[in-house]
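Structure at a glance
Each chain, written out:
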Amino acid sequence: MDKHDGPDAGTIRLDDPWYDALAVGWGESESEPPGAVPAHPTPGASDIYLEVQRSAAFQEVRSRYRGFVVPATAGFLLWYVAYVVAATVAPGVMARPVSGAINVAMVAGLGQFLSTFLLTWAYARHARLRRDRAALDLRWTVFEQERDQERTRARGTGR
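These lines cover the structure that appears in this document, whether it is placed above or below. Model, not experiment: these values are computed from the prediction. (Residues numbered from 1 in each chain as written. Predicted model: local features only at pLDDT ≥ 70, side-chain atom pairs only at ≥ 80, totals over all residues. Heavy atoms only, no water.)

**Considerations on the pattern of salt bridges**
- Taken as a whole, this structure holds 3 salt bridges when the rule is applied.
- Where arginine 151 meets aspartate 148, a salt bridge forms, and the shortest distance between an N and an O atom there is 3.7 Å. Of the two residues, arginine 151 and aspartate 148 are both situated in helix α4 (residues 104-157); the distance of 3 residues between them amounts to about one turn of the helix. (Salt bridge = Lys/Arg side-chain N within 4 Å of Asp/Glu carboxyl O. Helix = DSSP H or I, 4+ residues; strand = E, 2+ residues; numbered from the N terminus.)

Here is the structure:
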């Protein structure tokens, strides 16, 4: 991580291989007009991304993502629907006092907020511990392959 001086002091930039990369011109040669078929076809950026997408490492990252998100989303939606149904179907139960003016509906409503924050924390923790390192490794792999491709292309055009 790099710390900056000046007006942006305090902001931290994570080392990201694509931080300074341009988004235009991916897979295009500067010597050929847009849309032209190259004389010597070279694999483009899309080929690199397809290769990475088919890799076992990428599939593992996606599997870990789905393994957390699908059950967490289903559980949270079930909890939300249960709250709404209970408030609609059993207003007497929801109006039952718990302590003073606080009733079951208020406790369950605050539980909705609490569960949102807990789920957010759990998601961030899961991502940090189980996916971020592997995803960053994949990002570096793509960056290195694109850089190698640009070097090969530059050698071929004599730049």
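**Side note on the side chain of arginine 131**
- Its place among the elements puts arginine 131 in helix α4.
- No salt bridge forms around the buried arginine 131; measuring N to O, its nearest opposite-charge neighbour aspartate 132 is 5.4 Å away.
- Discounting chain neighbours no more than four positions away, the residues touching arginine 131 are Val61, Arg64, Tyr65, Tyr123 and His126. (Buried < 20%, exposed > 50% of the residue type's maximum accessible area, 1.4 Å probe, protein only. Lys, Arg positive; Asp, Glu negative; His and termini not counted. Contact = heavy atoms within 4.5 Å.)

**Structural notes on the packing of aromatic side chains**
- All told, the structure shown has 2 aromatic pairs when counted by the stated rule.
- Their ring planes at 50° and their centres at 5.9 Å tell us that phenylalanine 68 and tyrosine 123 sit as a pair that is tilted. Of this pair, phenylalanine 68 sits in helix α2 (residues 56-89) while tyrosine 123 sits in helix α4, and the two are 55 residues apart along the sequence.
- Among the residues examined, phenylalanine 68 registers a relative accessible area of 17% and is labelled buried. (Phe/Tyr/Trp six-rings, centres within 6.5 Å; stacked < 30°, edge-to-face > 60°.)

**Details of the nonpolar core**
- Of all hydrophobic cores here, the largest spans 5 residues; its members are Ile48, Val52, Val61, Leu138 and Val142.
- When contributions to this core are tallied by element, the ones reaching two or more residues are α1 (45-54) and α4.
- Ignoring anything within four residues of it in the chain, the contact list for valine 52 reads Phe58, Leu138, Val142 and Gln145. (Core = buried A, V, L, I, M, F, W, Y, C linked by side-chain atoms within 4.5 Å.)

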